[in-house]
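Fold and geometry: a report
Take a look at the letters that make up each chain.
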Amino acid sequence: MNDVEYEYGIPGSTVRRWLRDGVLPHSKPGGKAKSHVLIARVDLDALLAASRVEATTGPLAAKS
């Protein structure tokens, strides 16, 4: 989770909640509750893309 926090700026508490709630797929290679967690970058990117809110005003807003 430290890598996610560093690379994406997402707090570890948010990532842990997503894992606990089943929102973010992951693997636990050790199989134990306290083992390391592996998160596929493609899954994290997909979750972030699905929750993206587009700008409605300003220079980043879509032109109609």
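The sections below set out a description of the structure shown in this document. Here the structure is a predicted model, which means the values were calculated and not measured.

Parameters at a glance
Residues numbered from 1 in each chain as written. Predicted model: local features only at pLDDT ≥ 70, side-chain atom pairs only at ≥ 80, totals over all residues. Heavy atoms only, no water. Helix = DSSP H or I, 4+ residues; strand = E, 2+ residues; numbered from the N terminus. Buried < 20%, exposed > 50% of the residue type's maximum accessible area, 1.4 Å probe, protein only. Contact = heavy atoms within 4.5 Å. 1 Å grid on protein atoms, 1.4 Å probe; cavity = no way out; pocket = protein on both sides within 12 Å on 5 of 7 lines; lining within 4 Å. Points joined across faces, edges and corners; volume = space filled by probe spheres on them. Nonpolar A, V, L, I, M, F, W, Y, C, P; charged D, E, K, R; others polar. Arc of directions from axis to C-beta. Salt bridge = Lys/Arg side-chain N within 4 Å of Asp/Glu carboxyl O.

Let us look at the environment of L48. Looking at where L48 falls in the secondary structure, it is placed in helix α3 (residues 41-50). L48 gets classed as partly exposed once you look at its relative accessible area, which sits at 27%. Here the alpha-carbon distance between L48 and Y8, two residues 40 residues apart in the chain, equals 9.9 Å. Those residues in contact with L48 that lie beyond four places of it in its chain are Y8, I10 and W18.

Bringing the layout of surface pockets into the picture now. Counted as a void, the largest pocket has a volume near 250 Å³. Together, M1, R16, L19, R20, H26, K28, A33, K34, S35, H36 and V37 line the largest pocket. Taken together, the residues that form the lining of the largest pocket break down as four nonpolar, three polar and four charged. Volume-wise, the second largest pocket comes out at about 210 Å³.

Our focus in this paragraph is helix α2 (residues 12-20). Every buried residue of α2 is accounted for by G12, T14, V15, W18 and L19. Down the axis of α2, the buried side of the element spans an arc of 160°, and every buried residue falls inside it. In the segment just after α2, G22 is the residue with positive phi, at about 80°.

The next thing to look at is the pattern of salt bridges. Applying the stated criterion across every chain, the model contains three salt bridges. Here R41 and E7 are joined by a salt bridge, their closest N and O atoms 2.9 Å apart. Pair noted here: R41 is in helix α3 and E7 is in helix α1 (residues 2-8), with a separation of 34 residues, a long-range link. E54 is the partner of R52 in a salt bridge, and the nearest nitrogen-oxygen pair spans 2.8 Å. Each member of the pair, R52 as well as E54, is classed as exposed.

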